[in-house]
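Summary of the model geometry
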Amino acid sequence: MGTGEGQLLRLRPAAALRHALRRPISLHPWPYLALARWKSGHSVLGPETELVVDGFTRSAGTFAAIAFQLAQDDHVRVAHHMHAAGALVAAARRGVPVLLTVRAPEPTILSAMVREPGIPAAQWLRTYVAFHERLLPYRASFVVASFEEVTSDLGDVIDRLNARFGTRFRRFEHTEENVRAVFRLIEERAAGPPWQPHLNRFVSGLISAGEYLERTRPFREEGRRPGIPEHRVQRPSAVREAAKERVRAIYRAPRLEALRARAEAAYRALVAAEGDVPPAARGTSGIPRSR
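First things first, this report covers the structure right here in the doc. (Residues numbered from 1 in each chain as written. Predicted model: local features only at pLDDT ≥ 70, side-chain atom pairs only at ≥ 80, totals over all residues. Heavy atoms only, no water.)

So, the overall build of the protein
Quick reminder of the rule: Put simply, DSSP marks the helices as runs of H or I at least four residues long and the strands as runs of E at least two long, and each gets a number from the N terminus on. Burial here depends on accessible area, computed with a 1.4 Å probe over protein chains only, as a share of the maximum for the residue type. Under 20% is buried, over 50% is exposed, and the range in between is partly exposed. Note on definitions: a residue-residue contact is assigned when non-hydrogen atoms from the two residues lie within 4.5 Å. Where accessible areas are quoted, they stem from the Shrake-Rupley method and a 1.4 Å probe; at the residue level, only the protein chains shown are allowed to cover.
Tallying secondary structure elements over the protein gives 14 helices and 4 strands in all. Across the 291 residues that make up the protein, the buried fraction comes to 53%. In the protein, the share of contacts with a sequence separation of at least 24, taken over all contacts with a separation of at least 6, comes to 80%. Here the protein has roughly 13100 Å² of accessible surface; of this, 56% comes from carbon and sulfur atoms.

See the structure below:
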């Protein structure tokens, strides 16, 4: 077994414990939001939020949030990267527009195991199941977009948002140039550059794309950019794909069959018949927003 593989298979009790403790808290609006606002600030659902772009970790939420903000180049307040069902439940109850990104269990969890080694596959499956099953009763309050839809035609997804919630957000045109711009910002975010606070403010809608580029120009001119660990960057990576193959057998262990079945069922229920949910069936009335 190589060093890289050993790192992937070595359990880390502290990380696994934190993961397990977060799970029940993240399912309920009040405890999660109270803790998250103290820790994360402007990226968390709040009174000023105009849109929530979120989902389970490794489900194209980063691509969706950054591409959306690049298309707006405005000050659209977006809550993002919460990865907590409780926050999405709160948004549904308040009538805040939500774009929920979803991805099939196996590629999601394999990617998560590579990015955060040491947390067992069973833990990831329990968290995946808890997250998605918690959202099923609120499904009609969301626009649900699969990983494949987000990464191939986000413009169509934004059109669905506008139709559902009465918003007028600008489309993201899925050109090679635009996609490259998204991946550049994804890499910057993964690298944790000196100017990352500006990037976080941009994704949250506190500054526009133009303002972000202006404020970070001095850093770029100095060439101050740290390296990016391949197992953490949120874009296609041959290194990460190879690592996923090394943990696939762990994920597919027979003892996890029941959890895998529940995860697949929750995923299928969330993505089914997305276009068949009319605005009147949402259960909460969306607040029209225009740009």
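Brief notes about the packing of aromatic side chains
How we decide: Under the pairing criterion, centres of Phe, Tyr and Trp rings, with the six-membered ring standing for Trp, must be within 6.5 Å; the plane angle then separates stacked pairs below 30 degrees from edge-to-face pairs above 60, leaving the rest tilted.
With the rule as written, the count across this model stands at 8 aromatic pairs. An angle of 65° between the planes, with centres 5.3 Å apart, marks the rings of Phe 56 and Tyr 128 as edge-to-face. Within this pair, whereas Phe 56 is found in the loop between strand S1 (51-55) and helix H4 (61-72), its partner Tyr 128 is found in helix H7 (residues 121-135), the two being separated by 72 residues in sequence. Across the pair, exposure class does not vary: Phe 56 and Tyr 128 are buried alike. The interplanar angle of 65° and the centroid separation of 5.6 Å between the aromatic rings of Phe 56 and Phe 131 together place this pair among those described as edge-to-face. With Phe 56 in the loop between S1 and H4 and Phe 131 in helix H7, this residue pair connects regions lying 75 residues apart in the sequence.

A look at the sheet that holds strand S4 (residues 143-146)
This is how the line gets drawn: By this definition, two strands are paired if DSSP reports at least two bridges between them. Helix axes are fitted only over the stretch in contact, all axes being lines through C-alpha atoms; the angle between N-to-C directions runs from 0 to 180 degrees.
Spatially, 4 strands are ordered S2-S1-S3-S4 in an open sheet, and the strand pairing comes out parallel. The outermost strands of the open sheet, each flanked by one partner alone, are strand S2 (78-80) and S4. On average, each strand axis in the sheet is inclined to that of its neighbour by 20°, with strand direction left out of account. In this structure, strand S3 (residues 98-102) lies alongside S4, joined through 4 bridges in parallel fashion. From the neighbouring strand, Leu 99 faces S4, where its bridge partner is Val 143. On the sheet, H4 packs against S1, S2 and S3 and is oriented at approximately 155° with respect to S1. Helix H9 (residues 154-165) rests against S1, S3 and S4 of the sheet, and its axis sits at about 170° to S4.

Some thoughts on the pattern of salt bridges
How we decide: One side-chain nitrogen of Lys or Arg within 4 Å of one carboxyl oxygen of Asp or Glu is enough to make a salt bridge.
Enumeration according to the criterion identifies 12 salt bridges in this entry. Glu 133 is paired through a salt bridge with Arg 262; the nearest N and O atoms lie 2.6 Å apart. Here Arg 262 lies in helix H14 (residues 257-271) and Glu 133 lies in helix H7, a separation of 129 residues in the sequence. The exposure class assigned to Glu 133 is partly exposed, which follows from its relative accessible area of 30%. One network of salt bridges, with partners in common, ties together Glu 106, Glu 245, Arg 248 and Arg 252.

Remarks on the side chain of Arg 248
The criterion, for reference: For the purposes of these results, a polar contact is taken to be a pair of N or O atoms within 3.5 Å, where, inside protein, one atom must be able to donate a hydrogen and its partner to accept one; residues adjacent in sequence count only when each atom of the pair is a side-chain atom.
One can find Arg 248 in helix H13 (residues 238-251). Only 2.5 Å separates the side chain of Arg 248 from the side chain of Glu 106, close enough to count as a polar contact.

Quick notes on the packing of helix H2 (residues 13-26) against H7
For any two helices packed against each other, one specifies the crossing angle of their axes together with the interaxial distance. For clarity, the threshold we go by: Here the angle decides the label: under 35 degrees means roughly parallel, over 145 means roughly antiparallel, 65 to 115 means roughly perpendicular, and every other value means oblique. A clockwise turn of the near helix away from the far one marks a right-handed crossing, whereas an anticlockwise turn of less than a right angle marks a left-handed crossing.
Between H2 and H7, the least distance of the axes is 10 Å, while the angle of their chain directions is 15°. Classed by the angle they form, the pair H2 and H7 counts as roughly parallel. When the axes of H2 and H7 are compared, the crossing they make is left-handed. Here Ala 16, His 19, Ala 20 and Arg 23 of H2 lie close against H7, whose contacting residues are Gln 123, Trp 124, Arg 126, Thr 127 and Ala 130.

Brief notes about the environment of Arg 170
Looking at the element boundaries, Arg 170 is found in the loop between H9 and helix H10 (176-191). Take Arg 170: its relative accessible area is 40%, and that puts it in the partly exposed class. Residues within four places of Arg 170 in sequence aside, it is in contact with Ala 71, Gln 72, Asp 74 and Ile 158. Among the polar contacts made by the side chain of Arg 170, one reaches the main-chain carbonyl oxygen of Gln 72 at a distance of 2.5 Å.

Spatial relationships are all this shows, so hold off on functional conclusions.
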